[in-house]
Each structure stands twice: as C-alpha cells, then as structure tokens.
Amino acid sequence: MNGNDATAYNLTQHTPKSVFNVAILGAESTGKTTLCRDLAAHFGSPWIPEYMRTYLQVKWDNEQLTCTWDDLLPIAQGQIDLENKLAKQAAQLPDNNRYLFCDTSLFELMVYANWYYGDCPKALTQAALTHHYDLILLTEVDIPWVADDLRDSPHQREDISAYFASQLTLHNKDIQRIGGDRVQRVQQVAKWLKKLEK
C-alpha cells in the first residue's frame, strides 16, 4: 500500500537506562488507560497516554472521519515523541519512581494496522520490532465494553486479544497477561516489578 514518505519520520526510541519502561497492550476497552493511570499514581511515576486517541478524536470532531492508512505514521511519530519526552523526565525522578507506564506502543499500532489493513508501513514495523520494554502487559478481556466515538469492535475483543497474543509470540516478545479489578491489577503488576528488579 502507498502511504506517507517514511523518510519524514524518526521513530527511534530513546529510553534512559535508568528508566524501567512498561508497555500495556490489548484490545479496545480492556482497561489499559485506567491501569496506566493507577500504576502512575501508585508509584508516583509518569504515564504516557495513547496519542492515537487524541489524534483521531480531533479528526473525528473536525471531520467525522476515522483512521486511514495515511494516519499511521503521523500517529506513530506522535506516540514515540511523547514517550521519549516523558522518558527523559522519568530519568530525573528518585530511583524508586523511575518507571514509565506506556498506554500502548508502536507494537500495538503495528498489530492494529495489520488487523485492519492487512499490512503496515515498513518504517512502523521496523520501529515496533526494535523498541524495547522491560515489561509488556497484555490486558485480559474481563471488563465491560464502554462505547465512545472511536471504538468500533465490541464483539471482536476476544479475537483481537488472541491476535495480539499470537503476534507477540511470533516476534518473541515476553508478556504477562493482566486481568482482575483495578486493585488486583495494580497489586499484580507491583509484584512483577519487584521481582524483575531483584
């Protein structure tokens, strides 16, 4: 498929070694943003919102249009720019607060591109497979669907979640599945983080 000129984009990830970064991935309406916010509050650390939602909400509000192939690289650029900016801020925090909780990553954008279009811009795929996260969480489909302007797959969450899992396995990405209520999710992630840092 044709798309934007990839040379106009720099999708390089810049995470200081002192920052422990966590990517939260999963199907729509499975609690990713809530978990990011809760973890950030629990640890006193920054979290990165999903840039795609901000970008597409503006597009919807202004034009009543949804995501297209040509939006993928601008969204990827916005996401990694935000991640790199907040990673630098996280590095300035005390040692016990140097976490960075990412509400999605370029890997998720790549997965959705392949799900919806059967393809993904080469530059996005290369970046998504290169970026590193110290912990990758895949949210379970165990909370009720909440509709909004952008969500469109209330009956495909299980299928999309399975596709995420298959792609993560295909690309040798170690993951932890996270489910339960808000308190349970935060407690479980805190246990994993403590174990990983030993």
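Residues numbered from 1 in each chain as written. Predicted model: local features only at pLDDT ≥ 70, side-chain atom pairs only at ≥ 80, totals over all residues. Heavy atoms only, no water.

Caption draft 1: Inspection of the overall build of the chain at higher detail. In terms of regular secondary structure, the chain is built from seven helices and five strands. Along its sequence from the N terminus, the chain presents helices and strands in the succession β-α-β-α-α-β-α-α-β-α-β-α. For the chain, the spread of C-alpha atoms along the three principal axes comes to 45 × 40 × 35 Å. The 198 residues of the chain split such that 46% are buried. For the chain, long-range pairs separated by at least 24 residues make up 80% of all intrachain contacts whose partners lie at least 6 apart in sequence. Surface exposure of the chain reaches about 10,200 Å², of which carbon and sulfur atoms provide 50%. In the chain, the 19 positive side-chain charges and the 25 negative ones have mean positions that sit 9 Å from each other. (Helix = DSSP H or I, 4+ residues; strand = E, 2+ residues; numbered from the N terminus. Buried < 20%, exposed > 50% of the residue type's maximum accessible area, 1.4 Å probe, protein only. Contact = heavy atoms within 4.5 Å. Areas by Shrake-Rupley, 256 points an atom, 1.4 Å probe, with all protein chains shown as cover. Lys, Arg positive; Asp, Glu negative; His and termini not counted. Charge placed at Lys NZ, Arg CZ, Asp CG, Glu CD.)

Caption draft 2: Here's a closer look at helix 4 (residues 106–117). Compared with an ideal rise of 1.5 Å per residue, which puts 12 residues at 16 Å, helix 4 spans 16 Å between its outermost C-alpha atoms and is within 8% of the ideal. Taken together, the buried positions of helix 4 are occupied by Leu106, Phe107, Glu108, Leu109, Met110, Val111, Tyr112 and Ala113. Sitting at the head of helix 4, serine 105 places a side-chain oxygen 3.2 Å from the backbone nitrogen of phenylalanine 107. Just past helix 4, the residue glycine 118 takes up positive phi, approximately 70 degrees. (Expected span 1.5 Å × (residues − 1). Polar contact = N/O pair within 3.5 Å; in protein donor to acceptor, adjacent residues only side chain to side chain.)

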